[in-house]
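# Overview (structure and organization)
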Amino acid sequence: MAQVVFDEVSKRFGVVTALRDFSLNITDGEFVVLVGPSGSGKTTALRLVAGLEALTAGDIRVGDRVVNRLPPRDRDIAMVFQDYALYPQMSVRDNLAFGLKTRKMPRDEIERRIGRAAEMLDIAPLLQRKPRALSGGQRQRVALGRALVRHPQVFLMDEPLSNLDAKLRVQTRTEIRRLHEQVGTTTIYVTHDQVEAMTMGDRVAVMREGALEQVGDTRAVYEHPANVFVAGFIGSPSMSFATLGVTSKDDEMVLSRGGVSITVDSARGLADRISGDVIVGVRPEHAHLWVDGNGLAGPIDGRAEYVEMLGREMLIGAATGPDQRFSVLASPDAAVKPGDQIRFGLERGRLYLFDARTQQAVGAV
Amino acid sequence: MNTASRTQVAINYALIVVCSLVAVYPLLGVILASLYPPGPGSAPSGFALPPSFDWHNYISAWNQGGFAASFTTSIIVAALMVPASVVLSILGGFAFATMRFRGSRAIFYLFILGLIIPTEATIVPLYYDVRAMGLLDTYWALILLETSGELAFGIFWMRAAFLSAPRSMLEAARIDGASSWRTLWQLLVPFARPAILTLTVLAFADSWNEFFLALVFTVNHMTAPASLASFSGRYTTNIPLVSAGAVMVAVPILVVFIIFQRQFMRGMLTGAVKG
């Protein structure tokens, strides 16, 4: 096991910059998820650690070694690929043994490791089969097994669940976490699925366009997003945003535009830090239908544009003005239809404010 | 199945039948002609059945055409040329498919040139080279020239086959610590087995059918098709004997193709995926 350090790492493919001054410290035994939309550079970062791409600038350290120029086989890492990348002509056993044989490991040690991995992943009955005779989920487990038998210092996982159906994905998610807790190997996991990121990682690194937007434990990233992008990307259903004007009077701050007017008490200090407009972000679970107004900021009137039944809850998309929409979570028995006028309020203390120009967080009210 | 696709199937079958007839017609003609009574007066024509089936034509043709010697030459040349050209094509195709090196594209196009330039265009300088090496009228002249001739296609073919292998499989092998050599022989060659078998059959056919090189470079080491030519020169009016010789020369290719038919077609199709 080992720590992995990205130190000002950049990667260019011709004129395209895939990764820009990327720095991240992953401690020994940690499970870190790199998450972002496609083209955010997360897979590039992973491939740089693997040695499948050469970096353009900066350093990558695994343990105490700078590995920039080491070939993949000398980096002591193992990788699980999105399409599993099993060797199609070999049996499951030979797939697992391949990386050990190339390292000239004694036969009995190879057998011992395969036996242990097969037991952990419940693939012992499949050892004689060829990959084409396995289901997607079984192939996935074999791919994990191939990484596991190597006892590497670092596991790299490149969207390993994206070819599985929804149910199997949830199961395997748990299984990968369980495996990590059992073996405790440092793991870097890449996904574009923020739910996967939130449920699996000790820490989440949110990336966009080759740069790191925010890194932190899942709760911190969810509750204190650093900017509009992270706030909108993390969380499902996603956060609603409205650009509002700011006026302050005495100790009060008023955020308003169109049909929205929110008065915030004791926010003098915050108002001073804001120049011009502010983007207000509200998560759906912090917007409620207006009953008697207790504790909520508002009321805000809007028209229900869509109503989605989620089972336990109902999601209402409410238009409050031109280009101004809020998602409101309501109980499933609320009598709201598309086209209805609704009145709702926002939880105080849960309104995220972002500078309209820089898009960076300025605080929460 | 709806009516439109049924019509389509019918058209497909009609086309296949017409194409098969076009392919089979001359073959059948040659087989029938080979069974006519021998001699200058015998005049086989088209699909007319011979007055009597004269199987002796085959024995006469075998003896008079010296096929024992020329078949031996063809077998020796094919036995060395086919493995050599397949192995070298695998190595070359692997390099062009997986390795980045300076000038790789230019060198690859140079090999492709070999596909375009006909042997006839280079035969004269080639003759002087072979003579300078002292290889005139030897097996080696045929083996070396045929092998190098096969490489243009072989490398092109194997490169395409290796390029169709999933990139992640090769990357997994790199992480697993496999050397290029191990990656090639343990992963890519088994993966490209159908393409390799197809190349083997094609190389064998090319080697077996070699006519022009044998005619130019050998006197006492004629290949089977070349000896068929000299044979037909002497008995130019004896069509039944020439036909019997032609049928015998064609048999080995037919046998090889029948044995490897299924793999041959699979290789053709997988190779067609990526160029």
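About the cut-offs
- Residues numbered from 1 in each chain as written.
- Chains lettered and ligands numbered in written order.
- Predicted model: local features only at pLDDT ≥ 70, side-chain atom pairs only at ≥ 80, totals over all residues.
- Heavy atoms only, no water.
- Core = buried A, V, L, I, M, F, W, Y, C linked by side-chain atoms within 4.5 Å.
- Buried < 20%, exposed > 50% of the residue type's maximum accessible area, 1.4 Å probe, protein only.
- Helix = DSSP H or I, 4+ residues; strand = E, 2+ residues; numbered from the N terminus.
- Contact = heavy atoms within 4.5 Å.
- Pairing = 2+ DSSP bridges.
- 1 Å grid on protein atoms, 1.4 Å probe; cavity = no way out; pocket = protein on both sides within 12 Å on 5 of 7 lines; lining within 4 Å.
- Points joined across faces, edges and corners; volume = space filled by probe spheres on them.
- Nonpolar A, V, L, I, M, F, W, Y, C, P; charged D, E, K, R; others polar.
- Buried area = accessible area lost by both parts, 1.4 Å probe.
- Salt bridge = Lys/Arg side-chain N within 4 Å of Asp/Glu carboxyl O.
- Polar contact = N/O pair within 3.5 Å; in protein donor to acceptor, adjacent residues only side chain to side chain.

A:Phe6, A:Leu34, A:Leu156, A:Ile188, B:Met158 and B:Phe162 are the most contacted members of the largest nonpolar core, which has 90 residues in total. Broken down by element, the residue count for this core peaks at ten residues, all from helix α3 (residues 67-98) of chain B. In this view, B:Phe162 contacts B:Ile90, B:Gly93, B:Phe94, B:Ala97, B:Leu184, B:Leu188, B:Val189 and B:Ala192; residues no more than four positions away in its chain are not counted. Core analysis: the next-biggest nonpolar cluster, separate from the first, contains 44 residues, A:Val80, A:Ala117, A:Leu144 and A:Met200 among them.

In this section: the pairing of strand β13 (residues 260-264) of chain A. All names here are of chain A. Taking every second residue as pointing to the same face, the buried face of β13 carries Val260, Ile262 and Val264, while none of Ser261 and Thr263 on the other face is buried. Note that strand β12 (residues 252-257) and β13 share five bridges and pair antiparallel. Paired with Ser256 across the bridge in β13 is Ser261. The turn linking β12 back onto β13 is made up of two residues, and Gly258 within it adopts a positive phi angle of 55 degrees.

In this approach a probe as big as a water molecule rolls over the atoms, and the regions it shows empty are the leftover space. This model, assessed by the stated rule, comprises two cavities of 30 Å³ or more. In this structure, the largest cavity spans a volume of roughly 80 Å³. Those elements giving two or more residues to the lining of the largest cavity turn out to be α4 (136-148), β7 (154-158) and α5 (166-183) of chain A. Of the residues belonging to the lining of the largest cavity, the class tally is eight nonpolar, three polar and no charged. One number sums up the size of the second largest cavity: a volume of about 60 Å³. Every residue lining the second largest cavity is listed: A:Ala78, A:Met79, A:Phe81, A:Arg146, A:Ala147, A:Arg150, B:Ala172, B:Ile175 and B:Asp176. Sorting the residues of the lining of the second largest cavity by element identifies β6 (77-80) and α4 of chain A together with α7 (167-175) of chain B as the ones contributing at least two each. Its residues assigned to classes, the lining of the second largest cavity shows six nonpolar, no polar and three charged.

Listed per partner, the contact involves 16 residues of chain B and 24 residues of chain A. The contact between chain B and chain A buries some 1,700 Å² in all, and 58% of this surface belongs to carbon and sulfur atoms. Considering only the surface of chain B that becomes buried against chain A, B:Arg174, B:Ile175 and B:Asp176 emerge as the three largest contributors, covering 40% of it. A salt bridge links B:Asp176 to A:Arg150, with the shortest nitrogen-to-oxygen separation between them at 3.5 Å. For the pair chain B and chain A, the number of links is ten residue pairs in polar contact (both at pLDDT 80 or more). Class assignment for the residues of the side of chain B that touches chain A results in eight nonpolar, three polar and five charged.

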